[in-house]
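A closer look at the structure
Here is what each chain is made of, one letter per residue.
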Amino acid sequence: MMVKRPPMGFNTWNTFGNRIDEKLIMESADAMVASGLKDAGYEYLVIDDCWSKYERDPETGKIVPDPEKFPHGMRYVSDYVHSRGLKFGMYSCNGVRTCADYPGSFDHEFLDARTFAEYGVDYLKYDNCYRPGSADQRTLYRRMGMALRASGRDIVFSACNWGQDDVWSWIRSTGASLYRSTGDIFDTPESYRNIARSQMDKLGASAPGCFNDMDMLTVGMYGKGLVGSTGCGDADYRSQFALWCMFSCPLMLGCDIRSMNDATRKLITNPELIRIDQDEEARPPIFLQGEGENDRICAFKFLSDGDYALGLFNLSEEDRDLVVLFNDTGLPASAGYAFALTNVFDGSDGGVHREHLRVHVPAHDCVVYRVKLVQP
Ligand code: GLA
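Note that the structure is a prediction, hence the values are computed from the model and not measured.

So, about the domain arrangement of the protein. Examined at the domain level, the protein breaks down into domain 1 (8-277) and domain 2 (286-374). Between the C-alpha centres of domain 1 and domain 2 the distance comes to 31 Å. Contact residues are listed per partner, giving 24 residues for domain 1 and 25 residues for domain 2. Of the roughly 1900 Å² buried at the junction of domain 1 and domain 2 (both faces included), carbon and sulfur atoms supply 63%. Summed over the shared surface of domain 1 and domain 2, the result is four salt bridges. Salt-bridge contacts for D365 lead to R238; the nearest nitrogen and oxygen are separated by 2.8 Å. Joining domain 1 to domain 2, the criterion identifies 13 residue pairs in polar contact (both at pLDDT 80 or more). Of all the secondary-structure elements, those providing two or more residues to the side of domain 1 that touches domain 2 are helix 7 (189-199), helix 8 (234-246) and helix 10 (271-277). The residue makeup of the side of domain 1 that touches domain 2, split by class, is 14 nonpolar, three polar and seven charged.

And the structure:
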């Protein structure tokens, strides 16, 4: 199945862990529509780990939904999600158990894929815990890739092996449409920064058909959920969201979308940032800072309509000026062109600049521009 743009949606894990049930899913579906997220492009509602009973049905061998969490079964939930015009996602794992110790799909791949198809699942996140030592993960991702194709339903395959084994170099061959490229995110500035830094030299492999997934966003969580998460401020959430957009990553929300505040809703529905993320060519950005300069990221991305996007991220603890030299983007001063900038956060005019740009960026924050090449 050809997935042309980085998937957008919501996933239960970051905020809710094992505290999931049908009420949460149905309320989240309602919230996705009512808050304007659906109109902004968010479509997948994904139930992560912890949805099943601890053991398979001894007679059928099938995974069984936890009757306390999902008393009407998964088809009921899936029908509800679909009735709101959304798509329904679920979770399994290539090992014998899932990461939270529920039954995994190892050696049950084809049966489980058929079961997910019966539920009406449109998207499967497939994790990497409790693999038998003899089982090679490349083979196991291929197996589920093939099982999903045999299931009789179009199901987006979301591989989650945390970037192990140079995942970018082989994952497309398994039928996956997105691949987790790092370990789990936590709701701290260090976590999203380290994740973004770790992928800067690997974005060339991410393209329409199969996208680099830097994990669910923690935007809007403010420290709720996820053990080990102290939370971030709004400047960090702006930076995290904009980095994911500049890197053409899937935008899977991890906050409680039923009760997000206005700043969060505005940020994650920002049409200009979403356009940058969803650009049909998904070209990797060029980085304009010097090597080893870890306290800033200056990213410049070619967009398919002829414009460019420029994101300046101050990853340090001090407010300061960030300077970029246009020569590094491909534009020598001698060419006679300039860049005309529009700030994507507030639509303000960022001026027309030749040769270089100097912008004041507060600590943890960012500035993102839509850029037009002009002949002044
Ligand atoms: C792994 C994944 C997480 C989440 C948990 C669930 O850690 O990387 O995204 O799915 O498992 O147990």
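Having seen it, we continue.
A few words now on the packing of aromatic side chains. Considering all chains together, one arrives at 17 aromatic pairs under this definition. On the numbers, 5.6 Å between centres and 70° between planes, the contact of F247 with F287 is edge-to-face. Residue F247 is found in the loop between helix 8 and strand 8 (251-253), and its partner F287 is found in strand 9 (residues 286-287); the two are separated by 40 residues along the sequence. Accessibility expressed as a relative area gives 2% for F247, which makes it buried. Overall, the relative accessible area of 21% leaves F287 in the partly exposed class. Taking 6.3 Å as the distance between ring centres and 50° as the angle between the ring planes, the aromatic pair formed by Y308 and F339 counts as tilted. Of the two residues, Y308 is situated in strand 11 (residues 308-314) and F339 in strand 13 (residues 338-343); the sequence distance between them amounts to 31 residues. Looking at F339, the relative accessible area reads 3%, which means it is buried. The rings of F300, F302, Y308, F326 and F339 are connected pair by pair, giving a single aromatic cluster.

Within a beta sheet, neighbouring strands are joined by backbone hydrogen bonds and run either parallel or antiparallel to one another. In spatial order, the strands read 9-10-11-16-13-14; together these six strands make up an open sheet with antiparallel pairing. Across the chains shown, the open sheet's two edge strands, defined by having one partner strand only, are strand 9 and strand 14 (349-353). Bridge count between strand 9 and strand 10 (residues 296-302): two bridges; the pairing is antiparallel. Residue F287 lies in a different strand from strand 10, and its bridge partner there is A299. Sheet strands in contact with helix 8 are strand 10, strand 11 and strand 16 (366-374), and its direction is about 145° off that of strand 11.

Lining the immediate surroundings of the ligand are W13, D48, D49, Y91, C99, A100, K125, D127, C160, W162, R180 and D184. Separating an oxygen atom of the ligand from a side-chain N or O atom of D127 is a distance of 2.8 Å. Between W162 and the ligand, the recorded distance is 2.9 Å, taken from a side-chain N or O atom to an oxygen atom. For the ligand, whose accessible area on its own is 310 Å², the fraction buried by protein is 93%. A per-class count over the shell around the ligand returns six nonpolar, no polar and six charged.

Formed by 84 residues in total, the largest nonpolar core has its most connected members in Y42, W51, I171, F241, W244 and F313. In terms of residue count, helix 8 provides more of this core than any other element does, seven residues in total. Mapping this core onto the domain boundaries places at least three of its residues in each of domain 1 (8-277) and domain 2 (286-374). For F241, the residues in contact, after removing those within four places along its chain, are Y42, L217, V219, L251, L267, I268, L273 and I274. Ranked by size, the runner-up nonpolar core spans 18 residues in total, among them L288, L310, L322 and L331.

A word on unusual backbone geometry. In most cases, non-glycine residues show a negative phi, while peptide bonds are predominantly trans. Backbone geometry places C50, a non-glycine residue, at a positive phi of 85°. In this structure, C50 sits in the loop between strand 2 (44-46) and helix 4 (73-83). Positive phi, close to 70°, is recorded for H364, a residue that is not glycine. Here H364 shows up in the loop between strand 15 (356-361) and strand 16.

Of note, R149 is situated in helix 6 (residues 137-149). Between the alpha carbons of R149 and V361 there is a distance of 47 Å; along the sequence they are 212 residues apart.

Conventions and cut-offs
- Throughout this description, residue numbers start from 1 for each chain and increase along the sequence as written.
- Local features in this predicted model are restricted to residues whose pLDDT is 70 or higher, and side-chain atom pairs enter the listing and the counts only when it is 80 or higher, whereas totals over whole chains, interfaces and linings include all residues.
- Side-chain metrics rest on all non-hydrogen atoms present in the structure, leaving aside hydrogens and water.
- Domain boundaries shown here were taken from an automatic or database domain assignment.
- Working rule for contacts: check all heavy atoms of both residues, and any pair within 4.5 Å makes them a contact.
- Summed over both partners, buried area is the accessible surface (1.4 Å probe) that two parts give up on being assembled.
- Criterion for a salt bridge: a side-chain nitrogen of Lys or Arg within 4 Å of a carboxyl oxygen of Asp or Glu.
- As used in this structure description, the phrase polar contact means that two N or O atoms lie within 3.5 Å; if the pair is within protein, one of them must be able to donate a hydrogen and the other to accept it, and residues adjacent in sequence are counted only when both atoms belong to side chains.
- Only DSSP runs of H or I with at least four residues qualify as helices, and only runs of E with at least two residues qualify as strands; both kinds are numbered from the N terminus onward.
- Charged means Asp, Glu, Lys or Arg here, nonpolar means Ala, Val, Leu, Ile, Met, Phe, Trp, Tyr, Cys or Pro, and polar covers whatever is left, Gly included.
- Between the rings of Phe, Tyr and Trp (Trp by its six-membered ring), a pair exists once the centres lie within 6.5 Å; its type follows the angle of the planes, with under 30 degrees stacked, over 60 edge-to-face, and the other angles tilted.
- Using a 1.4 Å probe on the protein chains alone, a residue whose accessible area is under 20% of its type maximum counts as buried, one over 50% counts as exposed, and one in between counts as partly exposed.
- Note: two strands are recorded as paired if DSSP finds a minimum of 2 bridges between them.
- Axis definition: a line fit to C-alpha positions, over the contact stretch in the case of helices; interaxial angles, taken between N-to-C directions, run 0 to 180 degrees.
- The rule for a residue being near a molecule or strand is that one of its heavy atoms must lie within 4 Å of it.
- Here, Shrake-Rupley sampling with a 1.4 Å probe gives the accessible areas, and only protein chains in the shown set may cover a residue.
- Residue types Ala, Val, Leu, Ile, Met, Phe, Trp, Tyr and Cys, when buried and joined through side-chain atoms within 4.5 Å, form a set referred to as a nonpolar core.

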